[in-house]
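# Overview (structure and organization)
Residues per chain, in single letters:
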Amino acid sequence: MSNATAFSINNSKRKELKIPGAAIDQNCHQMGSDTDRDEMGTLQDDRKEIEAMTVQELRSTLRKLGVPVKGRKQELISTLRLHMDSNLPDQKETSSSTRSDSVTIKRKISNREEPTEDECTNSEAYDIEHGEKRVKQSTEKNLKAKVSAKAIAKEQKSLMRTGKQQIQSKEETSSTISSELLKTEEIISSPSQSEPWTVLAHKKPQKDWKAYNPKTMRPPPLPEGTKCVKVMTWNVNGLRGLLKFESFSALQLAQRENFDILCLQETKLQVKDVEEIKKTLIDGYDHSFWSCSVSKLGYSGTAIISRIKPLSVRYGTGLSGHDTEGRIVTAEFDSFYLINTYVPNSGDGLKRLSYRIEEWDRTLSNHIKELEKSKPVVLTGDLNCAHEEIDIFNPAGNKRSAGFTIEERQSFGANLLDKGFVDTFRKQHPGVVGYTYWGYRHGGRKTNKGWRLDYFLVSQSIAANVHDSYILPDINGSDHCPIGLILKL
């Protein structure tokens, strides 16, 4: 009996087809022997018989050869033919993997080793004709591929599990970090978004400067029973518009601040509007005094609204050339004069700069000094000047802008501060950046890019009686915000 027996299968015509490359039983051999070549010749004659094989026979045969068995009948036939062609006698080289397969299987048989269950798992075939189950040995290549595939799959699963755990861990860590960062961001960012004035906004801040925060920088209230007066001032940029502003309530402001006197600038009212506006005043504030522009209607305008009845009231400075725009109201109280003023803006192109510094500022200064001869003076309102670099967000970029020219700043000093009047906010907060005006054009209020144009200046003789000089940057409704003064009497 030959030691080289080719694997055979009976086709539908009961003719035995010999397929090289699949050794069985105990007669494994190395491919490329003479016997194989003889059998190849027989196989060449039987190619037509392959086409007559059923799909099940083709699949069974291909399984025994360790060849993939997926596809339709024609694909299976092509696969089998390809396998046959690769093992023809005229090949100059024998498949190294097939040779290795046979040698490995020979060793197993000579050592009487039985293939393991794993090795046989992929080598089971069924003889449809006889119904007998035959277990054939796979080649070492397929066995190794099987084991390798399982190992790879196992490793991949392990890596995937590890990867998922790592990813999940990273995600959890990232989520935790993000959560903590979000909390931190809320702590840091939320106040700056809802209270932008608490963020130091300045192009060239000094190292000791800080942003004004009324929640933390105002002194405690005076002891109950302390005699004092609380004055507030506000450039409303049009009183009619402010009263229509949905989020503004004069009553709420009065209840919250409990002021005694309220000074308004830029009311933009005409004389004919005053009586109607008086009807809307809050109960208790029965004394109001209005100065309206008559040279230009709906322009400028000032007012003093008080629950304390003043001793006397006067309008303007007494000089007709400066009193047609409704810019000054002066009220006399028991222990001081209160001057509410809206200083003229130097205008676009600084067209009113000369009038401002050479006429208006000097006239105002003389008016104050004349009153001060009998009583201390409190000067308040929109003075239209950021006196120092700390009082404006961008000093370098506004050197020729109305309100920050060197001429206006020098005039402010010469006609007011040098005459003995004290800037109460700056005295109380020497290194604090606090703005009272933010232009609408560039949304400066949201980023706190503003100017300090509104003031309480007091005579030197009562400067020590100032308990608090403060800004209320949270009050909207105008491009300016209100500021306040608590003066002990």
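If you're wondering where the values come from, they're calculated on a predicted model, not measured in any experiment.

Once rolled over the atoms, a probe with the size of a water molecule shows which space is left empty. Under the defined criterion, the tally for this structure stands at 6 cavities of 30 Å³ or more. If you trace the second largest cavity, you find it lined by V343, R356, D361, L364, L383, S411, F412, N415 and L416. Residue assignment for the lining of the second largest cavity shows that the elements contributing at least two residues are α12 (353-372) and α13 (406-415). Taken together, the residues of the lining of the second largest cavity break down into 5 nonpolar, 2 polar and 2 charged.

This next bit is on the layout of surface pockets. In this structure, the largest pocket encloses a volume near 1,300 Å³. Taken together, 42 residues make up the lining of the largest pocket; nearest its centre are N345, Y437, G439, R441 and W451. For the lining of the largest pocket, the class distribution of residues is 10 nonpolar, 18 polar and 14 charged.

On to α12. Look at α12: 27 Å from first C-alpha to last across 20 residues, which is about the 28 Å you get at 1.5 Å a residue. Remark: the principal bend of α12, roughly 30 degrees, maps to W360. Of all the positions in α12, only L353, Y355, R356, I357, W360, D361, T363, L364, S365, H367, I368 and L371 are classed as buried. Those residues of α12 that are buried lie in contact with β10 (312-315), β11 (328-332), β12 (337-342), β13 (377-382), α13 and β14 (421-423).

Glancing now at the UniProt feature "domain: SAP" (unreviewed entry) in the protein chain. UniProt's entry tags residues 50-84 with the feature "domain: SAP" (unreviewed entry), counted in the numbering of this structure. What you have in residues 50-84 is 69% helix and 0% strand, and the ends, taken at the C-alpha atoms, are 11 Å apart.

Mapped onto the elements, G484 comes out in strand β18 (residues 483-488). Residue contacts for G484: discarding those within four places in its chain leaves V231, M232, F456, D468, S469 and Y470.

Thresholds, definitions, all that
Residues numbered from 1 in each chain as written. Predicted model: local features only at pLDDT ≥ 70, side-chain atom pairs only at ≥ 80, totals over all residues. Heavy atoms only, no water. 1 Å grid on protein atoms, 1.4 Å probe; cavity = no way out; pocket = protein on both sides within 12 Å on 5 of 7 lines; lining within 4 Å. Points joined across faces, edges and corners; volume = space filled by probe spheres on them. Helix = DSSP H or I, 4+ residues; strand = E, 2+ residues; numbered from the N terminus. Nonpolar A, V, L, I, M, F, W, Y, C, P; charged D, E, K, R; others polar. Expected span 1.5 Å × (residues − 1). Bend = angle between axes of the 7 residues up to and from the residue. Buried < 20%, exposed > 50% of the residue type's maximum accessible area, 1.4 Å probe, protein only. Contact = heavy atoms within 4.5 Å. UniProt positions renumbered as here; feature names shortened; annotations may be inferred.

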